[in-house]
Structure formats: structure tokens, C-alpha cells
Amino acid sequence: MEKHIVVLPGDGIGPEVTKATKGVLETVAAQFGHSFTFETHDIGGSAIDNHGTPLPEDTVAACKKADGILLGAVGGPKWDNLPGHMRPEKGLLGIRKQLGLFANLRPVKGFDSLLHASPLKPEVVGGSDLLIVRELTGGLYFGEPRERRNNGQDVVDTLAYSRHEMERIVEQAFQSAQVRRNKLTSVDKANVLESSRMWREVVEEKKSDYPEVEVEHMLVDAAAMKLVTNPGYFDVIVTENMFGDILSDEASVLTGSLGMLPSASIRQDGLGLYEPVHGSAPDIAGEDKANPLATILSAAMMLRYSFNMNVEADEIESAVHAVLNEKYHTADLKIEGGTQVSGSELAKKVSEHMSSN
Ligand code: NAI
Ligand code: MG
């Protein structure tokens, strides 16, 4: 298959981790007889420096024509004092919005070799393998009105959704559950919020289309507790924008390192933006210390969700597992008796593992 990938390296360690990941994608292409073409564009701080805006027009145009988009990270101290509309993050929020990427997918998996790196007990975090599907372009973060009133004595934010917005995110979650363990937990606050009561209705309506998926509803406070007491309980979680923001950060501590967490922001036709959960790590940028695995695992998600290449995605994921089991790691991961290597070396180990199979 031929696929065109737009790479947005961004700032800090972004260029290092995307370069390392491109190498892994090239290995996949060679191994499976695909042809991946790459096109690189600026976003964030580098775009501010080169074009005077965090999201140049030609970056957006290229992304619209791509089959998949791989992003590093944006931001850094150099741009911290710029006004709001000129900040690097605007590039990221802008591209998600302009492409209508309404579903944010964050898998969290407890790697056996990293169990003791988690702040939770190994017996609690062991075996956890869940996916949070967060609604990304609506809900409390986008609802209107949002304003100060009455001379600053009152304030309002709004949690608003259309039925259509709820339906499409719920469908995405059911489909994700179908290719995993067929279990969906819809998280809301239906004892208090009218929007949550409608969310429950939508989930109930949709479930007859996915009879093999077991569905339950859970209140967000109970879900927050269960995530740290029994994370292995969950398969797919679907939830509103802010609930998802909070729960996915909570879930991210399960694995013990930011350098291991991939994410995807996708829409119904399959176009998606794939990026590590971590930021641009300016403290280690340019030193080849950054762990590229989160970005490599994000690329595996691209193969799975945008290219429908499940075997290839599995191949990358098992190569990552194998390399960790052989105890190769970057400085952010502590593996007892392990061998610490640079970011580019770790990526090369992943590629070697794939081509040796
Ligand atoms: P960060 O995720 O960049 O770094 C937090 C800590 O984790 C640092 O000590 C860093 O060295 C380490 N770290 C992160 N990724 C790593 C990796 N792949 N390998 C090894 N160590 C890694 O978060 P921080 O420091 O809060 O933010 C730094 C900059 O990144 C800021 O400008 C922030 O705005 C931006 N940022 C961008 C995001 C994005 O582009 N999606 C997300 C979060 C922050
Ligand atoms: Mg967050």
C-alpha cells in the first residue's frame, strides 16, 4: 500500500523522536512491501520562528491531504513569554480543530519490565491494558457562553453537546472495544448533569448495533477511584472532554514513564494525528536522551487506525515489548540490570527486532 505521512517534528525533543520513529516506519514499509512517503512541516515554536505563526497555512494544507500525521511536541522556554494567540500550543489546538479530530485515543498498558517504575504496587498495575476515548472538540472546554458577568462577581462555563457529537464519539468507542476485549465503560456524572443523562441515552441507543460489546455506565468519581485501585478492570472508557482530560492524565501514571505513552486524535474518515503524550522536554533536547518509544507506539496507532494495518502495528508493539524485555532502555526508564542506550539506539533496536523476525 502507498501512504503519505506528514511529519510535524515541532520543538525540543520533537525532531529527535519523530526522526527515530520515521526509521521504524521505513523498516515496516520495507518488511511488508509498503511505500510510505514523508513530508515535513513546521508547527509550534519552530513555525513561529520560521513563519511568524504557530500554524502556517501550508502546514494545514499538507495535513488535509495526508493519510496520516505524526507529531513530536511543541513549546519551550524560548516562546513562553509570547502573547496567547502566538503561543506554540495554539498550533496544536488549531490543527486538531481545523481537521475536526474529535476523538482522542489514549491507550495505557502496564509493561511487565516496567512494573516497578509505577508509583502503584506491581500487583495493582500488572496486567492493566486500557484505552481512554476522550471527546476532544466539544463539551465543557468549548461550550458557549463562557464569561465573567456582573462586574466580575459571577462566572459561567457551559457543557454543551449536540446529539450528533455524542453519537460519533460513542460509535468510535464501540468500534475500539470491538477490536479489543469487547468491554465498554461509559463514564459520566448522570446523577447531576443533564448532558450526562443524554450521553447515557445515546450509549443505550447505540449498544444494539454492537451486541458483542458488554456496556456499563460509571460515574466519573467512581471511575477515578477504580483507575488506581483496579486498573485491570477496564478495557475501553469513553467520556466527555474534561472528564477524559483528567482521567487520561490519572491513567498515565500507571505505566511509570511519560516516555511510553502514545496518543491519537482521529475523525470518522480515518484521518488522524498521532503524537506522544509527553511534551518537548527542553531539559534534555538535542542530547539524544529522549525516549522515542511513545512516538514509535503512536506510529503503530497510525498504522492501526488510519491505515488499517493491524499486523504491522502488532509487529511494532511486540518489537517494543521485546526490546524492553531485553532490558534496553533510555535514561528516563529504570530497569534493574538493564543497558542504558541513547534514544536513536533504542529506536534502532526496535527496527532490528522487526527485521529479524
Ligand atoms: P514534558 O513532558 O516535556 O517533560 C516532563 C519531564 O519528563 C521532563 O523532565 C522531561 O525531560 C521528561 N520527558 C518527557 N518526555 C520524555 C521522553 N520522551 N524521554 C525522556 N524523558 C522525557 O513536560 P513539561 O516539562 O511540563 O513541558 C515542556 C514543554 O513542553 C513546555 O513548553 C510545554 O508547554 C510543552 N508541552 C507540549 C505538549 C505537546 O506538544 N503535546 C504536551 C505537554 C507539554
Ligand atoms: Mg491534560
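The structure displayed is predicted, hence computed values, not measured ones.

So, how was this worked out
- Positions within a chain are numbered from 1, following the residues in the order the chain's sequence is written.
- Both sets of labels track the order of writing: A upward for chains, 1 upward for ligands.
- The predicted nature of this model means local features are confined to residues of pLDDT at least 70 and side-chain atom pairs, given and counted, to a pLDDT of 80 or more, with totals for whole chains, interfaces and linings taken over all residues.
- Each helix corresponds to a stretch of at least 4 residues labelled H or I by DSSP, and each strand to a stretch of at least 2 residues labelled E; elements are numbered beginning at the N terminus.
- Exposure criterion: with C-beta atoms placed from backbone coordinates, a residue whose C-beta has 20 or more other C-beta atoms within 10 Å is buried, one with 12 or fewer is exposed, and one in between is partly exposed.
- Throughout, a residue-residue contact means that the two C-beta atoms, derived from backbone geometry, are no farther apart than 7 Å.
- UniProt positions are given in the numbering used here, feature names are shortened, and annotations may be inferred rather than shown by experiment.
- Defined on buried residues, the nonpolar core groups Ala, Val, Leu, Ile, Met, Phe, Trp, Tyr and Cys residues joined through C-beta atoms within 7 Å.
- The start and end points of each domain follow an automatic or database-based domain assignment.
- Pairing between strands is defined by DSSP: at least two bridges between the two strands are required.
- Angular values range over 0 to 180 degrees, each being the angle between N-to-C directions of two axes fitted as lines to C-alpha atoms, with helices fitted over their stretch in contact.
- Note that the term roughly parallel is reserved for angles under 35 degrees, roughly antiparallel for angles over 145, roughly perpendicular for angles of 65 to 115, and oblique for everything else.
- Two helices crossing with the near one rotated counterclockwise from the far one by less than a right angle form a left-handed crossing, whereas a clockwise rotation gives a right-handed crossing.
- A helix's residues, less one, multiplied by 1.5 Å, set its expected span.
- Just so you know the grouping, Ala, Val, Leu, Ile, Met, Phe, Trp, Tyr, Cys and Pro go in nonpolar, Asp, Glu, Lys and Arg go in charged, and all remaining residues, Gly too, go in polar.

As for the overall build of the chain
Within the chain one finds twelve helices and 14 strands. Across its three principal directions, the C-alpha atoms of the chain cover 55 × 50 × 40 Å. Among the 357 residues that make up the chain, the fraction classed as buried is 48%. For the chain, contacts bridging at least 24 residues in sequence account for 74% of all contacts bridging at least 6.

Some words on the UniProt feature "site: Important for catalysis" (unreviewed entry) in the chain
Residues annotated by UniProt as "site: Important for catalysis" (unreviewed entry) correspond here to Tyr141 and Lys189. For Tyr141, the location among the structural elements is in strand S6 (residues 139–149). By C-beta crowding, Tyr141 is classed as partly exposed, having 16 other C-beta atoms within 10 Å. With respect to the secondary-structure elements, Lys189 resides in the loop between strand S8 (183–188) and helix H7 (194–206). For Lys189, the contacting residues outside a window of four places in its chain are Ser196, Leu219 and Val220.

Structural notes on the nonpolar core
Membership of the largest hydrophobic core comes to 94 residues, with the highest contact counts inside it found for Val133, Ile237, Ile296, Ala299 and Ile316. Here this core gets ten residues from one element, more than from any other, and that element is helix H10 (residues 293–305). Per-domain counts for this core show at least three residues from each of domain 1 (1–104 + 256–357) and domain 2 (119–254). Discounting residues that sit within four places of it in the chain, Val133 has contacts with Ala103, Leu105, Ile169, Gln172, Ala173, Ser176, Val236, Ile237 and Val238.

Some points on unusual backbone geometry
It is generally the case that most residues other than glycine have a negative phi and that most peptide bonds are trans. A cis amide bond, omega 0°, links Glu144 with the succeeding residue Pro145. If you trace the backbone, Pro145 turns up in strand S6. Phi is positive for Asn308, which is not a glycine, with a value near 60°. Mapped onto the elements of the fold, Asn308 is located in the loop between H10 and helix H11 (310–325). Looking at Asn308, the number of C-beta atoms within 10 Å reads 11, which means it is exposed.

Focus: the UniProt feature "binding site: Mg(2+)" (unreviewed entry) in the chain
The feature "binding site: Mg(2+)" (unreviewed entry), as given by UniProt, occupies Asp221, Asp245 and Asp249 in the numbering adopted here. Look at the named residues: they lie 29 residues apart in sequence, but the longest C-alpha span between them is just 14.5 Å, so in the fold they bunch up. On the secondary structure map, Asp221 appears in helix H8 (residues 220–229). Looking at the element boundaries, Asp249 is found in helix H9 (residues 241–252).

Notes on the sheet that holds strand S2 (residues 35–40)
What the ten strands build is an open sheet, ordered S2-S1-S3-S12-S11-S4-S5-S10-S8-S9; its pairing is mixed. A single partner strand is all that each edge strand has here, and the edge strands are S2 and strand S9 (214–219). Adjacent strand axes in the sheet meet at a mean angle of 25°, parallel and antiparallel pairs treated alike. Sheet analysis places strand S5 (residues 129–135) next to strand S10 (residues 236–239), joined by four bridges and oriented parallel. Bridging across to S10, Leu131 finds its partner in Val236. Strand contacts of H8: S8, S9 and S10, with the helix running at about 105° to S9, the strand carrying the most contacts.

A look at helix H4 (residues 88–98)
Within H4, burial applies to Pro88, Lys90, Gly91, Leu92 and Ile95. Next to the buried residues of H4 lie helix H2 (45–51), helix H3 (57–65) and strand S12 (272–276). Downstream of H4 by one or two residues, Gly100 has phi in the positive range, about 65°.

Quick look at the domain arrangement of the chain
Annotation of the chain at the domain level lists domain 1 (1–104 + 256–357) and domain 2 (119–254). Computed over C-alpha atoms only, the centres of domain 1 and domain 2 are separated by 25 Å. Counting residues at the interface gives twelve residues for domain 1, matched by ten residues for domain 2. At the level of elements, H4 and strand S4 (103–109) are the ones that each hand at least two residues to the side of domain 1 that touches domain 2.

Topic: the packing of helix H1 (residues 14–32) against H11
The N-to-C vectors of H1 and H11 enclose an angle of 130°; their axes lie 11 Å apart at closest approach. Looking at the two axes, H1 sits oblique to H11. Once H1 is placed against H11, the crossing between them reads as right-handed. Every residue of H11 that contacts H1 at Val24, Val28 and Phe32 is listed here: Glu312, Glu315 and Ile316.

Observations regarding H10
In this model, H10 (13 residues) spans 18 Å end to end at C-alpha, consistent with the 18 Å of a helix rising 1.5 Å per residue. Of all 13 residues making up H10, 13 are buried, and the element is well covered by its neighbours.

Notes on the environment of Leu346
Counting through the fold element by element, Leu346 comes out in helix H12 (residues 343–355). For the pair formed by Leu346 and Asn230, sequence separation is 116 residues and the distance between their alpha carbons is 31 Å.

A look at the packing of H8 against H9
Running from N to C, H8 and H9 cross one another at 15°; their axes reach a closest spacing of 10 Å. Here H8 is positioned roughly parallel relative to H9, judged by the angle of their axes. The two elements H8 and H9 cross, and the hand of that crossing is right-handed. Here Val220, Ala223, Ala224, Leu227 and Val228 of H8 come into contact with H9, specifically with Phe243, Leu247, Glu250 and Ala251. Tallied by class, residues from the contact of H8 with H9 come to eight nonpolar, no polar and one charged.

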